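Spelled out, the chains give:
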Amino acid sequence: MKKWLKVFFPTAALLIMAISAQAAEHPRVIRFAYPAATNPDYAGSPLVNVINNQNLFEKEFAKDGIKIEQSFIKTAGPGTNEGLAAGLFDFADYGDFAIVLGKAGGLKNRLILSPSKGGNVYILARASLHINSVKDLRGKKVSYWKGTVLQTQALRVLEANGLTEKDIRQINLNGADALAALAAGTIDAVVGSYDRPLVDQGLATLVYDTRNFPVSKRYREGLVVSEDFAQKYPDITKRVAKVFIQAAYWASQEKNKEQLIQLLVKTGAKYKYAKGEIGVGNLSQKDQFDPRPDHENTNDYKGLIDFSLKNKLIRTNIDVDKWVDKSYADAALKELGLQNYWAK
Amino acid sequence: MSKIKYTVLLLGILFVTNADVHAANSPVTAPKVATTETESVSAEPSKDEAPLDAEDGDRVVTQKELQGLNSEVATLRDQLTRQLDRNIANSLRSLTIGGTLQERYTAVTSSDYPYTSNGFSVAAAILSFNGALKKDYDEGKNLTYSLSFLASAPTYNVQPYEAWLQYSIFQSLDTEKPTLYLQFGQISKPFGLEAQVGEDKKPAANTATFAGPGGFNLAARDIGIKLRGDLFPHFDPAYNYRVPFIEYSAALINGSGPNASDSNKSKDVVARIAFNAPVDYSSDFRGLTFGNSLYSGKKALLSNGAIISGGQGGASTTRFGQDLSYVSSPIGFTAEYAVGKDEALVSGTNVANAITATTQSRGYTFTLFYEWGEQFLTQARLQNVYDDWWPKTYQPFIRFDHWDPNTAVAGNETSILTYGFNLFFAQTTKLQLNYNVSVGKTPNLPNNNTNTFVAQFQYGF
């Protein structure tokens, strides 16, 4: 009996230690947050919808018993930053300006991927005003949602046309309220995303869009991971990067364009407008979904931060070279054999 | 033409006609999505239905398919119009109907004195109607209204609770500019915290004694006019977080309580000024507020409950309060102190021979709480979820409540220590568990030590 006890307890202790060590390697759940699309089952991000459509998270993590939680935030960047600050999310995929605002505001995270770039904005004006160019917006009431990519994009377009925010009367309305105000005639123009029902109804005209704007000045999507999570689970972080790169590889291929557009339509967008968002203008589909956090990505973020500081949108500078962590993307690209796929 | 040719011609005509009819009667279907071979690293097919077919995607829609689609849309429109006419309530202006119910179980677990009964009660039932009479998309100078009715224990009489019109004098759309509102009707008194704050600063089921009917009755509504606004707002766009450095509010009211005309010629004045830490969302000082409140009014001089001759408005009433709060999820505390002076008749039958005395009362409360969950994260909790989802939040707290009805008399105060736990488990729904340890002092008599358990289920719609 005593011999048996001498064997049992050390064995049991070793077993418990092994199980605990194994459990520490993996979290029980990985929590993601993204701005929501119009339809509640979909995110605003095309790659996230590809991931969910192809069950890529489940395929990667189900075998380890890791649960995936996804939150689709109606309040976009501000809501995502609030959740990150409260420790509710491990990863977030959202617009570059909101990411910069969060980082400048003290969020401890790392920027590990750029799921897509070349995001577009569209300036609509009331049809009755006959506004034909951005320069005609001088003195007009122009709405864009502050704290989102629409703000920086609006300011960049104004700057490119010799105007500043002081040359217009800025109105801060979110998407739905802005369109209602434009239809009601109480504002003159709206800076918004690609879906344009008021144009179809004859109430607004398209004044300008950024599809041929310099790509470096159009908005990017960014994937951030909280510092805590990245330090505790570097392998899981790499595997998350791998999933996003798998989705980017699929989305970057011309032969999948129609399926990608159909996914955009499912988020609530009209087909004819969704079609105009994939691989058009001066950006190819392949480059649009180049997820590498490379020097081009770093330079674009540096440009955005400089622009934000100059326009007093943020007060704190960010060391982008320290903030961007390429290690996860590099490891994932190597594992997938895609190191040279997006190389120029 | 031979008989065979006629037969073939007839069969051909029949075939073509049947095909057209079949096409017209068939439901309109979306173009099929055919599979395309991809080099996706995912070996399994997509969870979508039929994948895209390149040829179908290029097919031209026929006139008959379009007519079929128009017919479907027209049918849906007619169905919706009938429903709007018969089954859906209408209003003349924008309207949101809401309500709050508080259902409570109270049990005295120990007491030094006999007590009446334990049992269930409906602590409050409120039905409200809110909306905008005019919505200004240009500057947000909106005209809004609120009308609500309240029934509460023990009488359960249904009475108007709030009934006001509000106009935004300053613009309200630009988060970086100050605001100013004018409110008119039956309104809340802008005094301190306990009388007017929401559940983010008041976790306990019971209002603090000094603010309730047993004290200064600050939580009761009154009829009048109120100006409230703020100055020097600080805005952090990363979190859509707005905090004004100064908040102010001033009201002119009857002073007779809810649903009552003024009982004298004077109007009561209530005012509050509060200073908030004008910092970013990520600052440790976010949520820190210091406030000062003042109430000055007139009451009647009473002798055995009856107004003496000329005694309307003959007695002065003043209150002064200070409050300090720090609410920065997940942790928070509130502390409030109020002192009041009430003039009352000592002797006399009319104003000319009346002798009065002033009684000073004092109350204070301190609450400390902590929460796990997203209940008070105003941006992050707004999520697109297909089913009925709401994050759970757990909030333990402790509160100390002290009331002295006459500071000139020793040994007549009441202290209540409350241990509480709140569970927020559905949108606008919470379960509150409070354990109140009360010590009531009466001069020359033993203390009344009473412990009470309160379970309250509050839900709104």
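Cut-offs applied
Residues numbered from 1 in each chain as written. Chains lettered and ligands numbered in written order. Predicted model: local features only at pLDDT ≥ 70, side-chain atom pairs only at ≥ 80, totals over all residues. Heavy atoms only, no water. Helix = DSSP H or I, 4+ residues; strand = E, 2+ residues; numbered from the N terminus. Buried < 20%, exposed > 50% of the residue type's maximum accessible area, 1.4 Å probe, protein only. Contact = heavy atoms within 4.5 Å. Areas by Shrake-Rupley, 256 points an atom, 1.4 Å probe, with all protein chains shown as cover. Pairing = 2+ DSSP bridges. Salt bridge = Lys/Arg side-chain N within 4 Å of Asp/Glu carboxyl O. Axes fitted to C-alpha atoms, helices over the stretch in contact; angles between N-to-C directions. Buried area = accessible area lost by both parts, 1.4 Å probe. Polar contact = N/O pair within 3.5 Å; in protein donor to acceptor, adjacent residues only side chain to side chain. Nonpolar A, V, L, I, M, F, W, Y, C, P; charged D, E, K, R; others polar. Phe/Tyr/Trp six-rings, centres within 6.5 Å; stacked < 30°, edge-to-face > 60°. Domains from an automatic or database assignment. pLDDT = per-residue confidence, 0-100.

Chemist: Any chance you could break down the overall build of chain B for me, citing the residues and the numbers?
Modeler: Across its full length, chain B carries three helices and 18 strands. Looking at chain B residue by residue over its 461 residues, the buried ones come to 36%. Across chain B, the fraction of contacts at a sequence separation of at least 24, relative to all contacts at a separation of at least 6, is 57%. Accessible area of chain B: about 25,700 Å², with a carbon and sulfur share of 59%.

Chemist: Describe the pairing of strand S7 (residues 241–253) of chain B, and please don't skip the residues or the numbers.
Modeler: Residue and element names in this part refer to chain B. The pairing of strand S6 (residues 222–236) with S7 spans 12 bridges and is classified as antiparallel. Within S7, the position partnered with Pro 233 by the bridge is Pro 244. The antiparallel hairpin formed by S6 and S7 contains four residues in its connecting segment, where Asn 240 sits at a positive phi of about 50°. In this sheet, strand S8 (residues 268–276) lies alongside S7 in antiparallel orientation, the contact comprising eight bridges. Looking at S8, one finds that Ile 253 is bridged to Asp 268.

Chemist: Please set out the environment of Gln 253 of chain A residue by residue, giving values where relevant.
Modeler: Mapped onto the fold, Gln 253 of chain A is located in the loop between helix H10 (234–251) and helix H11 (257–266). Overall, the relative accessible area of 7% leaves Gln 253 of chain A in the buried class.

Chemist: Residues and numbers for the pattern of salt bridges, please.
Modeler: Residue and element names in this part refer to chain A. One pass over the structure, following the stated rule, counts 37 salt bridges over all chains. With a closest N to O distance of 2.9 Å, Lys 242 and Glu 335 form a salt bridge. Here the residue Lys 242 occupies a position in helix H10, and Glu 335 occupies one in helix H16 (residues 327–336), the gap between them amounting to 93 residues. We classify Lys 242 as buried; its relative accessible area is 10%.

Chemist: Account for the sheet that holds strand S6 (residues 141–143) of chain A, naming residues and giving values.
Modeler: Residue and element names in this part refer to chain A. Spatial ordering of the open sheet is given by S7-S6-S8-S5-S9, a layout of five strands whose pairing is mixed. The outermost strands of the open sheet, each flanked by one partner alone, are strand S7 (169–171) and strand S9 (204–209). Across the sheet, the mean angle separating the axes of adjacent strands is 25° when strand polarity is ignored. Across two bridges, the pairing between S6 and strand S8 (residues 189–192) is parallel. By the bridge assignment, Val 142 is partnered in S8 with Ala 189.

Chemist: Can you explain the interface of chain B and chain A? Please cite residues and give values.
Modeler: Opposite the 38 residues of chain B that make contact, chain A presents 55 residues. A per-residue breakdown of the area chain B buries against chain A is headed by Tyr 137, Tyr 239 and Asn 384 of chain B, which together make up 18% of the total. The shortest N-O distance in the salt bridge between Glu 176 of chain B and Lys 146 of chain A comes to 2.7 Å. Our count for the contact surface shared by chain B and chain A stands at five residue pairs in polar contact (both at pLDDT 80 or more). In terms of residue class, the side of chain B that touches chain A is built from 14 nonpolar, 13 polar and 11 charged.

Chemist: Run through the packing of aromatic side chains, naming residues and quoting values.
Modeler: Any two aromatic rings considered together are summarised by their centre-to-centre distance and by the angle between their planes. Residue and element names in this part refer to chain A. Under the definition given, this model contains 24 aromatic pairs over all chains. An angle of 20° between the planes, with centres 5.2 Å apart, marks the rings of Phe 32 and Phe 91 as stacked. Placement of the pair is Phe 32 in strand S1 (residues 29–35) and Phe 91 in strand S3 (residues 91–95), with a sequence separation of 59 residues. Overall, Phe 91 belongs to the buried group, its relative accessible area being 0%. A ring pair is formed by Tyr 34 and Phe 72, whose centres lie 5.7 Å apart and whose planes are at 40°; its orientation type is tilted. Placement of Tyr 34 in strand S1 and of Phe 72 in strand S2 (residues 67–73) is noted, with a sequence separation of 38 residues between them. The residues Tyr 34 and Phe 72 share a single accessibility class, namely buried. Feature note: the residues Phe 32, Tyr 34, Phe 57, Phe 72, Phe 91, Phe 229, Tyr 233 and Phe 244 constitute an aromatic cluster, connected by ring pairs.

Chemist: Mind laying out the domain arrangement of chain A, listing which residues take part and the relevant values?
Modeler: Many structure descriptions define interface size as the accessible area lost when the parts assemble. Residue and element names in this part refer to chain A. Parsing chain A into structural domains produces domain 1 (26–118 + 219–336) and domain 2 (122–210). A separation of 26 Å is found between the C-alpha centroids of domain 1 and domain 2. Contact residues are listed per partner, giving 25 residues for domain 1 and 16 residues for domain 2. Approximately 1,700 Å² of surface area, both sides summed, lies buried where domain 1 meets domain 2, with 59% of it carried by carbon and sulfur atoms. The three residues of domain 1 that bury the most area against domain 2 are Tyr 219, Tyr 273 and Phe 307, which together make up 37% of that side's buried surface. In this structure, the salt-bridge partner of Glu 159 is Lys 310, at a minimum N-O distance of 2.6 Å. Mapped by element, the contributors of at least two residues to the side of domain 1 that touches domain 2 are helix H5 (96–104), helix H12 (271–275) and helix H14 (295–310). Per element, the largest residue contribution to the side of domain 1 that touches domain 2 is five residues, and it comes from H14. Considered class by class, the residues forming the side of domain 1 that touches domain 2 number 12 nonpolar, seven polar and six charged.

Chemist: Explain the confidence of the model for chain B to me, and be specific about the residues and the numbers.
Modeler: Residues and elements named next belong to chain B. Per-chain confidence: chain B averages 85 in pLDDT, with 86% of residues scoring 70 or above. Here residues 12–55 is modelled with pLDDT under 50, and outside its nearest four sequence neighbours on either side it reaches 47 contacts, counting other chains as well. The complex prediction reports pTM at 0.82, with the ipTM value standing at 0.84.

Chemist: Account for unusual backbone geometry, with residues named and values stated.
Modeler: In terms of backbone geometry, most residues other than glycine have negative phi values and most peptide bonds are trans. Look at the link from Ala 153 of chain B to Pro 154 of chain B: it is a cis peptide, with omega at 0°. Residue placement: Pro 154 of chain B occurs in the loop between strand S3 (143–151) and strand S4 (159–168). Phi is positive for Asn 55 of chain A, close to 55°, though the residue is something other than glycine. Summarising the element assignment, Asn 55 of chain A is placed in the loop between helix H2 (46–53) and helix H3 (56–61). Of note in the backbone geometry, Asn 240 of chain B takes a positive phi value of approximately 50° without being a glycine. Structurally, Asn 240 of chain B can be placed in the loop between S6 and S7.

Chemist: Outline the pairing of S8 of chain B, listing residues and values.
Modeler: Two faces make up the sheet, and in a regular strand the side chains alternate between them. All names here are of chain B. Covered by surrounding structure in S8 are Asp 268, Val 270, Arg 272, Ala 274 and Asn 276 only, the residues Val 269, Ala 271, Ile 273 and Phe 275 on the alternate face being uncovered. Inspection of the sheet shows S8 paired to strand S9 (residues 288–299) by eight bridges, in the antiparallel sense. Its bridge partner lying in S9, Ala 271 is registered against Leu 294.

Chemist: Lay out the sheet that holds strand S4 (residues 109–113) of chain A in plain terms, naming residues and giving numbers.
Modeler: Residue and element names in this part refer to chain A. One open sheet holds the five strands; their spatial order is S2-S1-S3-S10-S4, and the pairing between them is mixed. Unpaired on one side and paired on the other, S2 and S4 mark the two borders of the sheet. For this sheet, the mean inter-axis angle between neighbouring strands, taken without regard to orientation, is 25°.

Chemist: Account for the side chain of Thr 429 of chain B, naming residues and giving values.
Modeler: Here Thr 429 of chain B shows up in strand S17 (residues 429–440). Non-local contacts of Thr 429 of chain B, meaning those with residues more than four positions away in its chain, are made with Leu 423, Phe 424, Phe 457, Gln 458 and Tyr 459 of chain B.

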